[in-house]
Structures are given as structure tokens and as C-alpha cells.
Amino acid sequence: MGYSGFPALQFGRVDGVPVQAFEVAKMLDAPLDVIIVRKLGMPGWEELAMGAIASGGVRVINDQVVDGSSITPEDIEEVTARELKELHRRETAYRGHTGAPDVKGKTVILVDDGIATGSTIRAAALALRKQEPARIVIAVPTAAADSCNMLEPLADELVVLNKPMYFHAVGQWYEDFSQTSDADVKWLLAQAGHTVPAHHGE
């Protein structure tokens, strides 16, 4: 997979860094960075995403999940405030105060471990689109087909290796789906050995 004419910047959501993003960045000899995204879990059922937030002030709400539920606007704001604190903590932990990479005019390959509802990858793509890259390629090993249909307008290219007919959760496609620690992410970013110019405009 080559993208001549534009330098490719490899981005990974945090849980996708060790499984996919690091390996793809190594194969393409591309810079590696992370985009911080936090799922907004349903109160009492946190694994189900009612939306997501991403760096740059992006928030998306999954109307299919929220509509018809007992979730109130106040519930959404409470969860958002809590996850925003964790988002800022991770930004500082992974980058210090250097700022996000400058992706304007570049091809960005956005990698995750998989797509279920699509809330988090959608937030990541919208956050990147605000930075005016030349192209956004979303690449995942497995995804729910209906979520892929929703994401197609947000990406210049969508690469999915497996779209199973019955998709319950991303974790069902992994033997080991344990959480990724801060130490793991920082170690992999250091091992990638690539640096990109920081963008301080936000």
C-alpha cells in the first residue's frame, strides 16, 4: 500500500497501537503517533458507546444508541466531562507538551484494532479532518458492516480485512484483548523512532 506524492503519517488509537498501528508504521517506514479518543460509555453499560470525544474539541453522539434510551443531556455532559479529563491526561502522558503533529497536506493512515459502533473512529477522523490532511485512510482488521457504511464519507479510503455477518464486539476477534497501558504506548512510540513536526495551533 503506497501513497506516492504525500508523506504518510501513521496514527493509531491507543488500543490499536500495539496490535496494528506500530506494525503498519514499521512496514511503511512511516512516522507513528497517536490520536487520543475516548468512548462515551452508556451509564451502567459502559462498554456500549453512546458517543466519543477526540483531541481538538470533537464530540460525536451515536443517535441510534441514545434515541429511545433513558439517557438525558445531563448524563451525556457528565460522562463527557469525566472522559475529557482522561483525554487530557493521556495527551500529556504520551506527548508531554509538544503538541500534536502537523498533518496538513499529508496522507494520514488512521488505524484501530476494529470498529463496532464506529463512534470512536468517527471522532478520530473528524478531528483529523479539521487539520486539513491531503487524504485520510482508515485501516482496520475487522469491523461491523453497517459501521463501515457510515464511515465511508469520512475517509478517502477505507480498508477493512474482515466484515463478518454477525459482529458483536471487537474483542471477539482477538485471543488477547487486554487493555493497553500508558507504558506500552510510550515504549512503542519510542521504538518507532520517528518524529514529526508538532502543530501548536489548537
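Data block above holds the structure.
Below is a short write-up of the structure.

Conventions and cut-offs
Residues numbered from 1 in each chain as written. Predicted model: local features only at pLDDT ≥ 70, side-chain atom pairs only at ≥ 80, totals over all residues. Heavy atoms only, no water. Salt bridge = Lys/Arg side-chain N within 4 Å of Asp/Glu carboxyl O. Helix = DSSP H or I, 4+ residues; strand = E, 2+ residues; numbered from the N terminus. Buried < 20%, exposed > 50% of the residue type's maximum accessible area, 1.4 Å probe, protein only. Expected span 1.5 Å × (residues − 1). Arc of directions from axis to C-beta. Polar contact = N/O pair within 3.5 Å; in protein donor to acceptor, adjacent residues only side chain to side chain. Contact = heavy atoms within 4.5 Å. Pairing = 2+ DSSP bridges.

**Considering the pattern of salt bridges**
(1) Moving on: Evaluation of the coordinates by the stated rule reveals nine salt bridges.
(2) Moving on: The shortest N-O distance in the salt bridge between Arg38 and Glu83 comes to 2.8 Å. Of this pair, Arg38 sits in strand 3 (residues 37-42) while Glu83 sits in helix 3 (residues 73-95), placing them 45 residues apart in sequence.
(3) Moving on: Across the pair Arg90 and Glu86 runs a salt bridge, and its minimum N-O distance is 2.9 Å. In this pair, Arg90 and Glu86 are both assigned in helix 3, four residues apart and thus about one turn of the helix distant.
(4) Moving on: Since its relative accessible area comes to 13%, Arg90 is described here as buried.
(5) Moving on: Through salt bridges with shared partners, a single ionic network connects Glu86, Arg89, Arg90 and Asp182.

**Things to note about helix 3**
(1) Moving on: For helix 3, spanning 23 residues, the distance from its first C-alpha to its last is 32 Å, which sits close to the expected 33 Å at 1.5 Å a residue.
(2) Moving on: Residues Ile76, Val79, Thr80, Glu83, Glu86, Leu87, Arg90, Tyr94 and Arg95 constitute the buried set of helix 3.
(3) Moving on: At the C-terminal side of helix 3, Gly96 shows a positive phi close to 70 degrees.

**Structural notes on helix 6 (residues 182-192)**
(1) Moving on: Every buried residue of helix 6 is listed here: Asp182, Val185, Leu188, Leu189 and Ala192. Viewed end-on, helix 6 has its buried residues packed into an arc of 135 degrees, placing them on one side of the element. Residues of helix 6 that are exposed and point more than 90 degrees away from the buried face comprise Ala183, Trp187 and Ala190.

**Brief notes about the side chain of Thr142**
(1) Moving on: Examined against the element boundaries, Thr142 turns out to sit in strand 8 (residues 135-142).
(2) Moving on: There is a polar contact of 3.4 Å between the side chain of Thr142 and the side chain of Asn162.
(3) Moving on: With residues near it in sequence (within four places) discarded, Thr142 still touches Asp113, Gly114, Ile115, Val160, Asn162, Pro164, Phe167 and Trp173.

**A closer look at the environment of Arg82**
(1) Moving on: Within the fold, Arg82 resides in helix 3.
(2) Moving on: Given a relative accessible area of 42%, Arg82 falls into the partly exposed group.
(3) Moving on: Put simply, Arg82 and Arg38 are 44 residues apart on the chain and 9.9 Å apart in space, counted from C-alpha to C-alpha.

**Focus: the pairing of strand 4 (residues 45-54)**
(1) Moving on: The sheet contact formed by strand 3 and strand 4 spans six bridges and is antiparallel. Its bridge partner lying in strand 4, Gly41 is registered against Ala49.
(2) Moving on: Pairing analysis gives four bridges linking strand 4 to strand 5 (residues 58-61), with the strands arranged antiparallel. Looking at strand 5, one finds that Ala52 is bridged to Val60.
(3) Moving on: Counted along the chain from strand 4 to the antiparallel partner strand 5, the turn is three residues long, and its residue Gly56 has a positive phi close to 95 degrees.

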